[in-house]
Every structure is written in C-alpha cells, then in structure tokens.
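Architecture and fold: a report
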Amino acid sequence: MIFCILSLLIITGHTFNIDDYTIVGSIQEDKNVAIAKRDTDTEGNVIVEEDDHQYYTSKISTNKNGWIEIDPERSGRDKDVIHIGLSKKFRYAYTVKLPFKFRYYGYPLETVMPTTGGFVYVGDLVHRRLTETQYIAPLMAEFNPSLSEDSYVYYYLDEQKAIFQWEKVHINSDFNATHLDYNKPFTFQVQLYANGDIFFAYKDVPYSPADINDRTHYVKIGLADAYYQVESKYGVTITYIHHYHAVSIDLDKITNNTEVELNANPTCMEAISCKACLTQNVKFNCSFCPNLNECSDGMGRWRHKWIGAKCEDNDVEEVGSCPSESEKSLPPIHPTKGDYEVQLCQESSTTIICAGTDTLEIKSASFSRTNTLRTPSCLDKSDNKGSLSCKYPDESVSDVISTSCNGKSSCSLQATAKFLNTIDQCPSFDKTLIVNYKCYGNTTGKKILIAFFLIVTIGILCGVLAWVIYAYRNPTTRSGLFLIKYGRFWKSNPYKDDGTNESGI
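Reading the values: rules and limits
- Residues numbered from 1 in each chain as written.
- Predicted model: local features only at pLDDT ≥ 70, side-chain atom pairs only at ≥ 80, totals over all residues.
- Heavy atoms only, no water.
- Helix = DSSP H or I, 4+ residues; strand = E, 2+ residues; numbered from the N terminus.
- Buried < 20%, exposed > 50% of the residue type's maximum accessible area, 1.4 Å probe, protein only.
- Areas by Shrake-Rupley, 256 points an atom, 1.4 Å probe, with all protein chains shown as cover.
- Polar contact = N/O pair within 3.5 Å; in protein donor to acceptor, adjacent residues only side chain to side chain.
- Pairing = 2+ DSSP bridges.
- Disulfide = S-S within 2.5 Å.

1. A look at the overall build of the chain
- Each helix and strand counted, the chain has eight helices and 25 strands in total.
- A burial count over the chain gives 47% of its 505 residues as buried.
- Carbon and sulfur atoms form 50% of the exposed surface of the chain, whose accessible area is close to 26,000 Å².

2. Notes on the side chain of His-245
- Locating His-245 in the fold gives a position in strand β16 (residues 236-248).
- For His-245, the side chain forms a polar contact with the side chain of Tyr-105, separated by 3.0 Å.

3. Some words on the pairing of strand β25 (residues 432-440)
- Within β25, eight of the nine residues are buried, leaving the element largely enclosed by the surrounding structure.
- Bridging between strand β21 (residues 339-345) and β25 involves six bridges; their strand directions are antiparallel. Of the residues in β25, the one forming a bridge with Tyr-340 is Tyr-437.
- In the sheet, strand β23 (residues 359-368) pairs with β25 via nine bridges, with the strands oriented antiparallel. Pairing of Glu-361 across the sheet is with Lys-438, part of β25.

4. Some thoughts on the state of the cysteines
- Evaluated as defined, the whole model comprises four disulfides.
- The residue that forms a disulfide with Cys-277 is Cys-295, at a sulfur-sulfur distance of 2.1 Å. Its S-S torsion of approximately 75 degrees makes the covalent link between Cys-277 and Cys-295 right-handed. Placement of Cys-277 in helix α3 (residues 274-279) and of Cys-295 in strand β19 (residues 294-296) is noted, with a sequence separation of 18 residues between them. The pair formed by Cys-277 and Cys-295 is uniform in burial state, with each residue classed as buried.
- The residue that forms a disulfide with Cys-289 is Cys-311, at a sulfur-sulfur distance of 2.0 Å. Judged by the sign of its S-S torsion, about -70 degrees, the bond between Cys-289 and Cys-311 is left-handed.

Next up, the structure:
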C-alpha cells in the first residue's frame, strides 16, 4: 500500500465549538490501492459496477430496491426516528451510541457522529477538520436542514443495523438558486451493518453531485480512515492525523435510485491467535505482535499502538516462530470449569490453540441459522430472513470437528459445508458455527498442581499467622504461654527453662 504522508496538525484541548461543525455529545485518496474490476450487468434497468478497494469491495447499481424507508409518515415508524438536534441546525454533529460494535476498516466502533452535512464522522478525536478525516459519506456537502420546514434528519437503530437518512435537505448556497434544479432538495441514506458492510441509497438527486458548489465545503462520496500520532513540542501537545486509506465513489455516477454497496473485506484484526493471524486468507501482509497480542499489517487506526509497542522490531511473520499460546485469546464461558467457546460466521475461519502441550477435546459443535441470534454480526443485510430451523445435524457437525481436532494442540476451523464434509442444507441463509471445547494435558495438570500447592501454602501461612495473633493477644492461654516461652516476643523471659515449671511472676 502506498502510504499517504499528508498530515493534519491538531492541537489538543479544543472546545466543542468547532469552526466547521458544532459537536454535541461528546484526504488524500490512495487510488493505487484500488484494483479495478468493472463488470457491467445490463439486465433490465439494473447496472452494476464493481471495484476492489482492498479494505472494501464496492458495487454501484441502480433500481435494486435497497432503500429502507424510515420516514415516519411513509414507514409508519414512531416519530422518535426524527433527530431533532440535526433536523433544524446547520453544521452540527451529534454523538449516537450504536447497539452493536460496528467494524470500520476492521476496528470496532461503539459510537458514531452523524452530521447535518450528509456524512457520518467516525473518528476518536473531535477537531475542526471533520470533513477531511475519518468519515462515511453517502453525500458530503454543505447541506442546511434549517432552511426548510420539510427538511429532516432521521435515524433508526436495531441490533443488526443503523440507518441515517437525510430527507429533503438543501445545499446552503443553492437554496435560492433559480438556475435549473439547483434549489431542489436531496434525499438519501446510509445503512451501517453489524458485519461491517455499508450501504448508500439515493432516492432524490435533482442534479449531479459533481455540480454541487464545493467552494465552502468538501463534496465527497465514500469512506476514509486515519491514525493519530501524539507528540509534545515546546510545551504544546500536538496530534498528527495521518490518512492511510480512502474509498472514493465517482460523483457523476449518482442519480435517482442509485445504490452503493461497500462490503467489508476480512482484515488482519479479526485473527484471535498468532497461527490464525499468519494463516488467514486476507489481502494484507499480516504479522503478529506478541507485545500487544494482536494481528495487523502495521497500518491502520491503531498504528500508534503498534509503533509504541515496538511491534515493527518484534513482530512474528512465520507460524514456526509463534510464541506458546493459550486459550486466553478466547474468554472462557465457564472460567471455573475451563470451558471455551469460539463463534465463526459462515465462510470464515480461525484456529483454536491450547497452552503448551495440552490437547483439545471438543465438547459440542453446531452449525445453524439459529446460532445467528447470538451473533447478529454474522447476518448479511440481504439474507436477514429465512427459517430459523435451518441447521446441520449437531451430532454430525460435532463428529467431524472432533475427528479433526481431538488430541491436537491446535486445530483450524472453517464455517463451511466443505469443511463439515456435507452439502449445504440452506445455502441462501447465513449460519454460524459455534464450537465448545476444553484443553487437557500436562500443562493443565501442572497448572492445577501448582495452584493446589499455592493454595495449601497460603492456607498454612494464614493459619500460622492467625494462631500467632491469637496467642499474642491472649497470653494466659496455652497458646499464649507457649508463644511467650518460645517466641521471645519480650526482652526478658519470665519463665525459667529449668524443668521446674515455676513462674517468676
């Protein structure tokens, strides 16, 4: 990847009254990364163009009915979908907490910041240049919802998606224009899905976005992300914002009923172990950093962590050099019993590993659509319906995985029909593979033995300490007399050790 050296300087400690946008609640495009793959489908009125942008695969189409109406008057939804703060303001942004972790460029986000300007800000740092850095822009422009009583910004949230819709919004500088259709409003939306996919849909586009006035505001369609680097110079803390990737959609291609689908490609960050990091099939040169216990290609939103932990000097690039790993990468579902669980979305893969020389024992496994109720991020937006009874026989799935994994220290898993040695029972529906397992062997035995001796030793020490405290506070008891006679807690020993048992008191 060609790294963009362009940086923005941000002095930390800004107030929330940003020059460009008022915040409430809290790039240079790398075109060399994109590998063009334009296949045009002209069936009926549908035109599809695809591009591979490394992190995302984009698909531009028309008349495919991907629009999800959330206008309360047309959809029958409650009026609480109206964002009052954004609907009657200009150059404003509000923080919205998502009901799921949204993976953006592979990194989990819990909050986003929709704006009046037709884009969603997704950065961790609030600053005046919102339009230049981390954004999701279905149509970034100088929209002003306060110009018309008919203009609104809607939003809808559930466990699988978040939708932000700009309804009948006008370009600020063109509101009173008399030329052609420049005074007419735009209606469009962005849909964010738990699996990381992003969808732009356009209902009313009165004229080409390429003709929107960009003298006072950027006009963009696409995505961008960056990472931060903090330095102190001359007593001032400065944050450098480095752009590392952007996806740009041609403005001229957007008309009424156009849709842009941005499917998230797998990234290094999804690997849960060193072996999984180095064997996964992704478009990046992944390496594993033992200091962070993370997989990365060294570039991304958390690059500052990668640099700070000196991962570039100590990263692992070959499976044979992986450190001794344990199941700590997967939190136990029953810590006292040592049970572990891994969840895999359909068509994905990973590796489960036991510590040291311990070996795996599969306790149970299932591959079904019902499992997606526990993993909503595995649902694709186009396949979010279908019978929940769609599943593989649990016994068959468990047998296949047990045969493949039992007795081994590590085992690769794939949530595919081919791996499970069967025919896909319901290929049209998303399914999730859930595997429960334990680790047994010498390493586990040693850990138990060490833990036993530690507990016994600590128990003995606590008992002795308790006895000493009791004897010290009760000197007339047998324990107290024993401690006085042999403990030498006093400078002068009042007992004579002459066998007479006579007291000197």
